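A structural walkthrough
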Amino acid sequence: MNKTPYVKLKDKKNQAIQQKIKQKIIEPMMKAQSTYISWIFNFMRHDIGNCIQNMDSILNANSLEELTSEHLDSLKENVKILRSTIENFSNLAPSVISETYKLRDALNSIVLLNKSKIDKQKIKLDINCDCDSINLNYSFHSLIQIINNIIINACKNIEHVEKPLILVKSINQSHKIQLRIYDNGTEIPDTQKIFNYGYSTTGGSGLGLTHVKLICDMLKGSVYVRKSDIEEYTKYFCVEIPV
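Predicted model only: the values in this text are computed from it and were never measured.

Moving on, we come to unusual backbone geometry. For Lys 122, which is not glycine, the phi torsion reads 55° and is therefore positive. Of note, Lys 122 is situated in the loop between α3 (103-121) and β2 (124-128). Overall, Lys 122 belongs to the exposed group, its relative accessible area being 71%. Phi at Lys 220 takes a positive value of approximately 60°, unusual for a residue other than glycine. Inspection of the secondary structure puts Lys 220 in the loop between α5 (208-218) and β6 (222-227). Here Lys 220 falls in the exposed class, since its relative accessible area comes to 74%.

Their axes nearest at 10 Å, the elements α3 and helix α4 (residues 140-157) cross at an angle of 30°. Our classification of the angle between α3 and α4 gives roughly parallel. Crossing handedness for the pair α3 and α4: right-handed. On α4, the residues touching Leu 103, Asp 105, Ala 106, Leu 107, Ser 109, Ile 110, Leu 113, Asn 114, Lys 117 and Gln 121 of α3 are Phe 140, Leu 143, Ile 144, Ile 147, Asn 148, Ile 151, Ile 152 and Cys 155. Class assignment of the residues belonging to the contact of α3 with α4 gives a composition of 12 nonpolar, 4 polar and 2 charged.

Turning our attention to the environment of Ser 170. Positionally, Ser 170 belongs in strand β4 (residues 165-172). For Ser 170, a relative accessible area of 13% corresponds to the buried category. Once the C-alpha coordinates of Ser 170 and Cys 129 are considered, the two residues, 41 residues apart in sequence, prove to be 4.8 Å apart. In contact with Ser 170, other than residues within four places in its own chain, are Leu 103, Asn 128, Cys 129, Asp 130, Ile 134, Ile 177, Gln 178 and Leu 179.

Throughout the structure, instances matching the rule amount to 3 aromatic pairs. Ring centres of Tyr 182 and Tyr 236 lie 4.9 Å apart, and the angle between their planes is 40°; this geometry places the pair in the tilted category. Of the two residues, Tyr 182 is situated in strand β5 (residues 176-183) and Tyr 236 in strand β7 (residues 235-242); the sequence distance between them amounts to 54 residues. For the pair Tyr 182 and Tyr 236, a shared accessibility class is recorded, and that class is buried. Here Phe 195 and Phe 237 contribute two aromatic rings whose centre-to-centre distance is 6.2 Å and whose plane-to-plane angle is 85°, an arrangement assigned as edge-to-face. In this pair, Phe 195 sits in the loop between β5 and α5 while Phe 237 sits in strand β7, placing the two residues 42 residues apart along the sequence. Residues Phe 195 and Phe 237 agree in their burial class; the two are buried. The structure contains a cluster of three or more aromatic residues connected by ring pairs, namely Tyr 182, Tyr 233 and Tyr 236.

Rules of the game
- Residues numbered from 1 in each chain as written.
- Predicted model: local features only at pLDDT ≥ 70, side-chain atom pairs only at ≥ 80, totals over all residues.
- Heavy atoms only, no water.
- Helix = DSSP H or I, 4+ residues; strand = E, 2+ residues; numbered from the N terminus.
- Buried < 20%, exposed > 50% of the residue type's maximum accessible area, 1.4 Å probe, protein only.
- Axes fitted to C-alpha atoms, helices over the stretch in contact; angles between N-to-C directions.
- Parallel < 35°, antiparallel > 145°, perpendicular 65-115°, else oblique.
- Left-handed = near helix turned anticlockwise from the far one by under 90°.
- Contact = heavy atoms within 4.5 Å.
- Nonpolar A, V, L, I, M, F, W, Y, C, P; charged D, E, K, R; others polar.
- Phe/Tyr/Trp six-rings, centres within 6.5 Å; stacked < 30°, edge-to-face > 60°.

See the structure below:
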């Protein structure tokens, strides 16, 4: 059966819409999630790799008779670090993402994910949140990806700052919570365009903040950028989500 010109036009419009959804929503989400997963495994690989290298050097360089109490203490310490790393990994990937969790759980995971970058850049990271009184019951990973993408963006933005600063602050309101992530990097010239697909002021892919906005929209929340109201900082990203 031949399609009428109207049906052909309708099909063409539907294809255009589907392609736009794929480019603007699906692809950024998939890429951002892949980045998040790689960050988790990079975190594990760094700590576990160091432990294995230390243990391997002791066991391969010494026979059973040559092992000393110092060697045994070192092996025990590395086993302790391995256990701690596995425990931290379980916090980054909880088995039941629908159960209620504390804001502190999410923020601790963010610090773990970005520890090597924060240490390398000598960033002073402060957390000023009422962490233990705030219970959250939506996807743990969704909140992690929101905050983590903003933190990654902030780290890039303050790479050349002499004394880089990041502050995470929470403000409790009646039915929602504000999470403000401050930094002392350069200000953003276009605070609306920053969330557009492919747009970046830090030389990145332009996907991270697009993904942040998509998740906030799905959670019936919002995200925006404002000039800082705290003297030491230049700006903050504000995430508003219902509780």
